[in-house]
Amino acid sequence: MNIIFLGAPGAGKGTHAARLMAEKGFPQISTGDMLRQNIAEGSALGLAAKGYIDAGELVPDEVVIGMVRERLAQPDAQNGFVLDGFPRTVSQAVALEELVRIDVVLNLKVTQQTVLERLGGRRICAACGKVFHASRLQDDQVCPLCGGQLIQRADDKPETILHRLEVYREQTEPLIAHYQKTGLLKSVQVDGEAEKNYRDIMKALGI
Ligand code: AP5
C-alpha cells in the first residue's frame, strides 16, 4: 500500500509512520529526516536546506522532489511505503503523481494548542535519538536512557513553530482539497493519546 501522511507540524506523522514501519514493514520515507541527515553529513543538499529548515520555511520544491524521486526508486519502496512530510505543496503532489500511484492520503488533524504543547516540549537525545517531552523529564538536558545530551530542534523554538504552522496553512493545507477531489483522502483526529491515534489510523487505513 502506498500511503501519504498529511498533517501539520507535530501532528504525529513521524511517530505513527515509524510504528507502521516497525509493525507492517512499510518503509517510512520522511523528507524532514532525509534533509536533517544531509545537514548532519554536511552534503551540498544539506547546506542548501539548512537555512530554510531552521527558519521554518519549506525547502524549494525541486530539491525535495529530486530527493524523493531517488528514494522511491530504491528496492525497498517497490512494495508499499509511507510518505511522511511529502508532498507539502501542490507542485510536489503533481510531481509525485508522475512518479508513483498513491492508494490513500491520511490527513492527521490536530489543534494548534496540541502542536505548541508537543513541539515546544520536544527534546531529542543527540546520542541515541530517542524523543522525550520536557514535562516528563527530571533533567531536560540529559537523556534518561543513555546519558547523552538532549537537544531541541532549531525549528522547535516557539516563534518558529508558529511560523511553521503559518507555512503549513498557506502551502500545505490546499493539498486537502486537492486529494479530496481524487477521492483518496481520509481524516483522523489525532489530538489525544498516541496509542488511540494509532488504532484510529490503522482503522482508517483498513489494515
Ligand atoms: P519535518 O521533519 O517533516 O517536520 P514537521 O512535519 O514540520 O514536524 P514534525 O516532524 O515535528 O511533525 P510530525 O507530524 O512528524 O510529528 P512527530 O511524530 O514528530 O520537516 C522539517 C522541515 O524540513 C520543514 O519545516 C521544511 O523546512 C523541511 N521539509 C520537510 N519536508 C519538506 C517538503 N516536502 N518540502 C519542503 N520542505 C520540507 O511528533 C511530534 C512530537 O509530538 C514528538 O515529540 C512526538 O513524540 C509527540 N507526539 C506525537 N503524537 C503524540 C501523542 N498522541 N501524544 C503525545 N505526544 C505525541
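Here is what the cut-offs are and how they apply
Residues numbered from 1 in each chain as written. Predicted model: local features only at pLDDT ≥ 70, side-chain atom pairs only at ≥ 80, totals over all residues. Heavy atoms only, no water. Pairing = 2+ DSSP bridges. Helix = DSSP H or I, 4+ residues; strand = E, 2+ residues; numbered from the N terminus. Contact = heavy atoms within 4.5 Å. Axes fitted to C-alpha atoms, helices over the stretch in contact; angles between N-to-C directions. Buried < 20%, exposed > 50% of the residue type's maximum accessible area, 1.4 Å probe, protein only. Arc of directions from axis to C-beta. Core = buried A, V, L, I, M, F, W, Y, C linked by side-chain atoms within 4.5 Å. Near = heavy atom within 4 Å. Polar contact = N/O pair within 3.5 Å; in protein donor to acceptor, adjacent residues only side chain to side chain. Areas by Shrake-Rupley, 256 points an atom, 1.4 Å probe, with all protein chains shown as cover. Nonpolar A, V, L, I, M, F, W, Y, C, P; charged D, E, K, R; others polar.

*Asks:* So what about the sheet that holds strand β6 (residues 131–133)? Which residues, and what values?
*Replies:* Ordered by their spatial adjacency, three strands build an open sheet running β6-β5-β7, and the pairing between neighbours is antiparallel. Both outer strands of the open sheet, β6 and β7 (150–151), are each paired with one neighbouring strand and no more. Bridge count for strand β5 (residues 122–125) against β7 is two bridges, and the pairing is antiparallel. Its bridge partner lying in β7, I124 is registered against I151. Seen against the sheet, helix α6 (residues 112–120) touches β5 and β6 and runs at an angle of roughly 30 degrees to β5.

*Asks:* So what's going on with helix α5 (residues 90–99)? Residues and values would help.
*Replies:* Among the residues making up α5, those that are buried are Q92, A93, A95 and L96. Down the axis of α5, the buried set is contained in an arc of 165 degrees. They therefore lie on one face. The inward-facing, buried residues of α5 contact β1 (2–7), α4 (61–72), β3 (81–84) and α8 (174–182).

*Asks:* Describe in detail the nonpolar core, supporting the description with residues and values.
*Replies:* Formed by 50 residues in total, the largest nonpolar core has its most connected members in F5, L20 and L83. Sequence-distant contacts of L20, that is, excluding residues within four places in its chain, are made with I3, F5, G25, F26, V82, Y198, M202, L205 and I207. The next biggest cluster of nonpolar side chains, apart from the first, holds five residues, and it includes C125, F132, L137 and C143.

*Asks:* Would you mind going over the site of the ligand in detail, with residue names and values included?
*Replies:* Neighbouring the ligand are 32 residues; K13, T15, T31, E57 and R122 lie closest to it. Contact between the ligand and G12: an oxygen atom at 2.9 Å from a main-chain N or O atom of the residue. Against a free-state accessible area of 1000 Å², the protein chains account for coverage of 89% of the ligand. Contributions of two or more residues to the shell around the ligand are made by α1 (13–24), α2 (31–41), α6 and α9 (194–205). The dominant element in the shell around the ligand, judged by the number of residues it contributes, is α2, at four residues. The class makeup of the residues in the shell around the ligand is 12 nonpolar, 10 polar and 10 charged.

*Asks:* I'd love a proper account of the sheet that holds strand β2 (residues 28–30), names of residues and values included.
*Replies:* Taken in spatial order, the five strands make up an open sheet running β2-β3-β1-β4-β8, and their pairing is parallel. Looking at which strands have only one partner, the edges of the open sheet turn out to be β2 and β8 (185–189). For this sheet, the mean inter-axis angle between neighbouring strands, taken without regard to orientation, is 25 degrees. The pairing of β1 with strand β4 (residues 104–109) spans five bridges and is classified as parallel. Along β4, the bridge assignment pairs I3 with V104. Each of β1, β2, β3 and β4 touches α1; the most contacted strand, β1, lies at about 160 degrees to it.

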